[in-house]
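Given next are the chains, with one letter for each unit.
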Amino acid sequence: MDRKKALIVWGGWEGHTPERSANIVRDMLEPHKFDVTVENHTRAFADPGLVGFDLIIPVITDSTIEPDALKNLLSAVRAGSGFAGFHGTMCDAFRSEPGYHFMTGGQWVAHPGDIIDFRVEISDRDDPITAGIDDFDYRSEQYYMHCDPGNEVLVTTQFDGSRFEEIEGVVMPVVWKRRFGAGRVFYSSLGHVAGEFHMPQMRTLFERGLLWAAR
């Protein structure tokens, strides 16, 4: 089996435990025959060799990205590099960059109630990423997001309105996949801190999503 190459770039807000989470993702990929490079600066996205990575994983909340680095990142994914991530470390990065949001398929808006108990529901039970996983209870931030209607949604959650009554009954995507040019993009809104990777369903969904996204 040929080995694949993955790049993980971490940084931004420390509350999302970016370095610890990046190391967990690295350890997740290595048994699947990935050679993993880990960096902690967005200049890594400006590397002309970026398109040579089969999978790119951001673990960055908020922060900024240089125009040349963003252009290079978008080009690499359009050309076939996979792109995958989780929680705010993918979909609350680079808030002022709509080109990035068009690629990811979503942007975080709020998490009413902060850390709460909520239900995660499998909406597509036939996809290999969700196969064999039942609906499950979860304790974390329940993400309300702006989402691209073109996303292929695999997992959802429903808001009960107890923290913000106007969103009662809203069904919100939690896990989706999409295409961006020739590249595959995968996202899960679960994973507020590194400790959440101990949750079997969360970890399995994300690991399968990584492998699906990789070129």
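Provided above is the structure to which this section pertains.
Residues numbered from 1 in each chain as written. Predicted model: local features only at pLDDT ≥ 70, side-chain atom pairs only at ≥ 80, totals over all residues. Heavy atoms only, no water.

## Looking at the pairing of strand β10 (residues 171–180)
Each regular strand displays side chains that alternate between the two surfaces of the sheet.
So, step 1. The buried fraction of β10 is high, at eight of ten residues.
So, step 2. Sheet topology places strand β9 (residues 152–158) next to β10; six bridges connect them, and they run antiparallel. The residue bridging V153 from the neighbouring strand is W176, located in β10.
So, step 3. Note that β10 and strand β11 (residues 183–188) share six bridges and pair antiparallel. Opposite K177, over in β11, you have F186 as the bridge partner.
So, step 4. Taking the residues that link successive antiparallel strands as the turn, the β10-β11 hairpin has two residues, and the phi of G181 there is positive, at about 65°. (Buried < 20%, exposed > 50% of the residue type's maximum accessible area, 1.4 Å probe, protein only. Helix = DSSP H or I, 4+ residues; strand = E, 2+ residues; numbered from the N terminus. Pairing = 2+ DSSP bridges.)

## Side note on the packing of helix α1 (residues 18–29) against helix α5 (residues 200–213)
Relative orientation and spacing of two packed helices are given, respectively, by the angle between their axes and the distance between those axes.
So, step 1. At a closest axis distance of 11 Å, the pairing of α1 and α5 adopts a crossing angle of 65°. By crossing handedness, the relation of α1 to α5 is classed as right-handed. Contacts between α1 and α5 involve I24, V25, M28 and L29 on the former and, on the latter, R203, F206, E207 and L210.
So, step 2. Its residues placed into classes, the contact of α1 with α5 shows six nonpolar, no polar and two charged. (Axes fitted to C-alpha atoms, helices over the stretch in contact; angles between N-to-C directions. Left-handed = near helix turned anticlockwise from the far one by under 90°. Contact = heavy atoms within 4.5 Å. Nonpolar A, V, L, I, M, F, W, Y, C, P; charged D, E, K, R; others polar.)

## Observations regarding the environment of F159
So, step 1. If you trace the backbone, F159 turns up in the loop between β9 and β10.
So, step 2. Expressed as a C-alpha distance, the spacing of F159 and H146, which sit 13 residues apart in the sequence, is 15 Å.
So, step 3. Apart from the residues lying within four places of it in its own chain, the contact partners of F159 are P112, Q142, Y143, Y144, I167, E168, G169, V170 and M172.

## Remarks on the pattern of salt bridges
So, step 1. Taken as a whole and judged by the stated rule, the model has 13 salt bridges.
So, step 2. Taking the shortest distance from any N to any O, the salt bridge between R119 and D137 comes out at 3.0 Å. Highlighted residues: R119 in strand β6 (residues 115–122) and D137 in strand β7 (residues 136–141), separated in sequence by 18 residues.
So, step 3. Take D137: its relative accessible area is 53%, and that puts it in the exposed class.
So, step 4. A salt bridge links D148 to R178; the nearest nitrogen and oxygen atoms lie 3.3 Å apart. Of the two residues, D148 sits in the loop between β8 (144–147) and β9 while R178 sits in strand β10, which places them 30 residues apart along the sequence.
So, step 5. A cluster of three or more residues bridged by salt bridges with shared partners is formed by R43, E66 and D68. (Salt bridge = Lys/Arg side-chain N within 4 Å of Asp/Glu carboxyl O.)

## A word on the sheet that holds strand β3 (residues 55–61)
So, step 1. Pairing in this open sheet of nine strands is mixed, and the strands run β2-β1-β3-β4-β11-β10-β9-β6-β7 from one edge to the other. Two strands close off the open sheet at either side, each with one partner strand: β2 (34–39) and β7. Averaged over all pairs of adjacent strands, the angle between their axes in this sheet comes to 25°, without regard to strand direction.
So, step 2. Judged from the four bridges that link them, strand β4 (residues 82–86) and β11 form a sheet pairing that is parallel. Bridging across to β11, F83 finds its partner in V185.
So, step 3. Here α5 sits on the sheet and contacts β2, β3, β4, β7, β9, β10 and β11; the angle it forms with β11, its principal contact strand, is near 170°.

## Remarks on α5
So, step 1. Between the first and last C-alpha of α5 there are 20 Å, a value that for 14 residues agrees with the 20 Å anticipated at 1.5 Å per step.
So, step 2. Considered for burial, the residues of α5 that qualify are M202, L205, F206, G209, L210, W212 and A213. Buried positions in α5, seen along its axis, are confined to an arc of 165° and lie on one side of it. (Expected span 1.5 Å × (residues − 1). Arc of directions from axis to C-beta.)

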